[in-house]
Amino acid sequence: MKISWSAVLAVLLCLGEAAAAQIGTGQSGISTSTPLTNVQPFRELRAFGACYARTHRPAALTLIATVPGSAEENKAFRRLVYGEDVSCLSGGTRMSMPILFARGAIAEGLLLSGGVPDTYRLPSPSPADARELHGVARCYTAGHRTEVEKLLKTHPGSREEVTAVAALWDDFRQCMPGKTVRLNAPWIRFLLAEALLRLGPSTPTSGS
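Parameters at a glance
- Within each chain, residues carry numbers counting from 1 in the order of the written sequence.
- Per-residue local features are limited, in this predicted model, to residues with pLDDT of at least 70; the limit for side-chain atom pairs, both in listing and counting, is 80 or more; totals at the level of whole chains, interfaces and linings are taken over all residues.
- Excluded from the side-chain calculations are hydrogens and water; all other atoms, namely the structure's heavy atoms, are used.
- Each aromatic pair joins two rings of Phe, Tyr and Trp (for Trp, the six-membered one) with centres within 6.5 Å, and gets the label stacked for planes under 30 degrees apart, edge-to-face for over 60, and tilted for any other angle.
- Helix and strand definitions here come from DSSP, where helices need a minimum of 4 consecutive H or I residues and strands a minimum of 2 consecutive E residues; each element is numbered from the N-terminal end.
- Partly exposed describes any residue whose relative accessible area lies between the buried limit of under 20% and the exposed limit of over 50%, with all areas from a 1.4 Å probe on protein chains only and scaled to the type maximum.
- Nine residue types can take part in a nonpolar core, namely buried Ala, Val, Leu, Ile, Met, Phe, Trp, Tyr and Cys, and a core is a set of them joined through side-chain atoms within 4.5 Å.
- Contacts: residue pairs with any heavy atoms within 4.5 Å of one another.
- To estimate how far a helix should extend, the number of its residues minus one is multiplied by 1.5 Å.
- What counts as a disulfide here is a pair of cysteine sulfur atoms lying within 2.5 Å.

A.B. asks: When you look at the packing of aromatic side chains in this model, what are you seeing that I'm missing?
C.D. replies: Two aromatic rings, taken as a pair, are described by how far apart their centres are and by the angle between their planes. Within this structure, the stated rule accounts for five aromatic pairs. Aromatic pair F48 and Y52: ring centres 5.6 Å apart, planes at 45°, arrangement tilted. Taken together, the residues F48 and Y52, both in helix 2 (residues 40–55) and four residues apart, mark about one turn of the helix. Judged by its relative accessible area of 3%, F48 is buried.

Rendered as structure tokens:
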């Protein structure tokens, strides 16, 4: 059996566009009227990330250490996630998903299984210095750990997750002044999970 994420991703991209339009007008963020009819893949992805981080910790750390969007990241995920029969999947099951989802799920799994060594910590940039979305996420998380932790307690793909993201969006976008992006709730969740993981408890809050 193969769990395909292509259809799910297409829906998410549409949700992201709707979210951006509403957020821009000061509305609730992500429309609560949009039906979320297929949350099971998100739950399976979360379970996969937790299992992978727990049982394949060296590989999980290797993946998280790569630069998001880099050729190194692509190569590592293809080798360690997509190119192997991972024990965290039931027999005969393969998972096909965007790297950004796999990375975020593994980051969330690492949060639940001991975090990362201090050498993996990254600084929190100021809003002016946040050059990409992972930097934006660290900028926001540095001053809003409680909100991020609340978000990560929700079930992926749930309306509770959408509500939590809508509640934090106005402060989140303060870390990307002048930039226009389209994001959906699961994407923001995964960005913030890795931000919390990489900042650590003692990271200076320069982005707050």
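A.B. asks: Would you mind showing me how to read the nonpolar core here?
C.D. replies: If you look at soluble globular proteins, the nonpolar side chains tend to sit buried side by side. Residues Y52, L63, I106 and L110 are the most contacted members of the largest nonpolar core, which totals 28 residues. Sorting the residues of this core by element identifies helix 2, helix 3 (57–65), helix 4 (71–82), helix 5 (99–112) and helix 9 (185–199) as the ones contributing at least two each. When residues in this core are grouped by element, the largest group, seven residues, is from helix 5. What L63 contacts, discounting residues up to four positions off in sequence, is Y52, A76, F77, L80, V81, R103 and I106. In terms of nonpolar packing, the next biggest core, distinct from the first, is built from 24 residues, V136, V148, A164 and L191 among them.

A.B. asks: Honestly, helix 5 in this entry has me stumped. Any pointers?
C.D. replies: A turn of α-helix holds 3.6 residues, and therefore any two residues three or four places apart point the same way. Taking 1.5 Å of rise per residue, 14 residues should cover 20 Å, and helix 5 covers 20 Å from first to last C-alpha, within 8% of that figure. Among all positions of helix 5, only I99, F101, A102, R103, G104, A105, I106, A107, E108, G109 and L110 are buried. In the segment just after helix 5, G114 is the residue with positive phi, at about 105°.

A.B. asks: Any chance you could explain the state of the cysteines here in plain terms?
C.D. replies: In a disulfide, the sulfur atoms of two cysteines are held together by a covalent bond. Counted under the stated rule, the structure contains two disulfides. One disulfide bridge connects C51 with C88, the sulfur atoms lying 2.1 Å from each other. On the sign convention where negative means left-handed, the S-S torsion of about -85° between C51 and C88 marks this disulfide as left-handed. One end of the pair, C51, is in helix 2; the other, C88, is in the loop between helix 4 and strand 2 (94–96), with 37 residues separating them in the sequence. Each member of the pair, C51 as well as C88, is classed as buried. Put simply, C139 and C175 are joined by a disulfide, and their sulfur atoms are 2.1 Å apart. Here the disulfide of C139 and C175 is left-handed, its torsion about the S-S bond being about -75°. Separated by 36 residues along the polypeptide, C139 in helix 6 (residues 133–143) and C175 in the loop between helix 8 (159–172) and helix 9 bring together distant segments of the chain. As far as the burial class goes, C139 and C175 line up, both buried.

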